[in-house]
2 protein chains.
Amino acid sequence: MAPAPNAATPAGRPADEELSRRILDVGLDLLHEHGYAALRVEHVAKAAGCGKAAIYRRHADKAALVAAIVLAHAEIGECPDTGSAREDLLEHALQNQRNQEGKGVAAGRAMSAILEPEVFALVWDSLFLVRRRHGERILDRAITRGELPSDVDPDVILDALSGLTLLRHAIEGVRVEPRQYLALIDALLTSPPRLLHASEGTD
Amino acid sequence: MAPAPNAATPAGRPADEELSRRILDVGLDLLHEHGYAALRVEHVAKAAGCGKAAIYRRHADKAALVAAIVLAHAEIGECPDTGSAREDLLEHALQNQRNQEGKGVAAGRAMSAILEPEVFALVWDSLFLVRRRHGERILDRAITRGELPSDVDPDVILDALSGLTLLRHAIEGVRVEPRQYLALIDALLTSPPRLLHASEGTD
DNA sequence: AACATACGGAACGGGCCGTTTCGTAAGTGT
DNA sequence: ACACTTACGAAACGGCCCGTTCCGTATGTT
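The structure displayed is predicted, hence computed values, not measured ones.

Colleague: Explanation requested: the environment of Ile-69 of chain A in the structure shown.
Modeller: Residue and element names in this part refer to chain A. Positionally, Ile-69 belongs in helix 4 (residues 62–73). Note: C-alpha distance between Ile-69 and Val-105 (36 residues apart in sequence) is 8.1 Å. Residues in contact with Ile-69, not counting those within four places in the same chain, are Leu-24, Gly-27 and Leu-28.

If you want it as structure tokens, here you go:
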């Protein structure tokens, strides 16, 4: 009889889960230090205390390794729902910031790795698309509550807010203060961008 | 006598300026196609119809080559001065967009090259810092004209505007419509972000 | 004509990616 | 206790690319 085709224990020496974790952890550090192009898989192995084979047994190639590093440390977070669009958007922006400041997955040099085409394709859905859905849900609820007009342009609000963080952290390397997020959010909520802008039509 | 120590003609066969240009032109195309890590110097040489030596005679290494490619094609543009902050900021944003859409130096895959640490150090001043100064001048003039309060926070306005373009083009690959820029600009001019936010102080 | 420099082509050393092989370690079921 | 299965570290390998150096030739100045 086949020896227990149970997926729980596939027989043989089990993979060292602690090592799997260590690879992703030291990988993030080295990614911050060197960026994508200068990152050496062998250095990751050395720092994790293993051979290259252990890494390639877990990840198809360097791009997949880096994508796994990014996804393992990305803080997607829950979609905020405080009952106030202002507070929801602030929390949403702060979640973004947490991923891009300090040792975040999108901080400084690590951002170049995410934009590398082969890595980008692997992290796009899980990283950007999910967070985008959160933002859209926040705006939908705000419309339902009457905090925003129904023809508000979500692209401008969400991308200006996320773009502010992206530019400040990835390019300028400077932190955004919570009061600066609030200043932008208040401006956007006070005169909300519309899909059909008010200045059009009578021009 | 020393043979004319004139810097204009250093004697010997002069460098082929047309080739210098061709290297930078085909380099931009290949950068768009492959990104930084997958860009091969030898392919640039092949596409430009020359040997690798001709490239390395002009540029110290791959990073310097890519930096030169980016700087050669960057459209810095003049600082807009229309007399209206709204129009100045729109033109400022459109200048940014021109560098990031289509075959712009910061479009799509080319952005990963700019963020690569070694390249970034070479293009930072000439690319980002100069354009940032333009934005600050626009806001200063707007304050002088009374269009904005004197304690306006330039970081929020300029970085939200540039960040919108950066996120949409580099990450999402979608163009920003002029009306969307205007919607954001109008929101920022209507309730301008202050260095000391209104909600503070009485808290 | 003598000289100086750029040119394309080819070859080279060094480094990294990704694979493979080896002997060993750590789990399974009988 | 035993065979079996799989993961492990170490090392070697082929292939590709970076960056340099050589060559013979082309193109300019004096």
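That covers the picture; the talk isn't over yet.
Colleague: Explain the relation of the copies chain B and chain A here, please?
Modeller: Relating one copy of the chain to the other takes a rotation about an axis and a shift parallel to that axis. Screw-axis analysis of chain B against chain A gives a translation of 0.0 Å along the axis, an RMSD of 0.0 Å, and a rotation angle of 180°. Considering both components of the superposition, the chain copies are consistent with a two-fold axis. Taking C-alpha positions as the reference, the residue of chain B nearest the rotation axis is Gly-163 of chain B, at 1.9 Å. Both copies contact each other with a shared surface, as 100% of the interface residues of chain B are interface residues in chain A too.

Colleague: Where do I start with the interface of chain B and chain A in this structure?
Modeller: When the parts come together, some accessible area is lost, and that loss is often what is quoted as the size of the interface. Listed as interface residues are 46 residues of chain B and, on the opposing side, 46 residues of chain A. Taken together, the two surfaces of chain B and chain A that pack against each other cover about 3700 Å², and 66% of this comes from carbon and sulfur. Our enumeration of links across chain B and chain A arrives at 8 salt bridges. Between Arg-179 of chain A and Asp-153 of chain B there is a salt bridge, with its nearest N and O atoms 3.3 Å apart. For the pair chain B and chain A, the interface holds 10 residue pairs in polar contact (both at pLDDT 80 or more). Elements represented by at least two residues in the side of chain B that touches chain A include exactly helix 6 (109–115), helix 7 (117–145), helix 8 (154–172) and helix 9 (178–190) of chain B. With 13 residues, helix 8 of chain B is the largest single contributor of residues to the side of chain B that touches chain A. Of the residues belonging to the side of chain B that touches chain A, the class tally is 23 nonpolar, 10 polar and 13 charged.

Parameters at a glance
- Residues numbered from 1 in each chain as written.
- Chains lettered and ligands numbered in written order.
- Predicted model: local features only at pLDDT ≥ 70, side-chain atom pairs only at ≥ 80, totals over all residues.
- Heavy atoms only, no water.
- Helix = DSSP H or I, 4+ residues; strand = E, 2+ residues; numbered from the N terminus.
- Contact = heavy atoms within 4.5 Å.
- Least-squares fit on C-alpha atoms with pLDDT ≥ 70 in both.
- Buried area = accessible area lost by both parts, 1.4 Å probe.
- Salt bridge = Lys/Arg side-chain N within 4 Å of Asp/Glu carboxyl O.
- Polar contact = N/O pair within 3.5 Å; in protein donor to acceptor, adjacent residues only side chain to side chain.
- Nonpolar A, V, L, I, M, F, W, Y, C, P; charged D, E, K, R; others polar.

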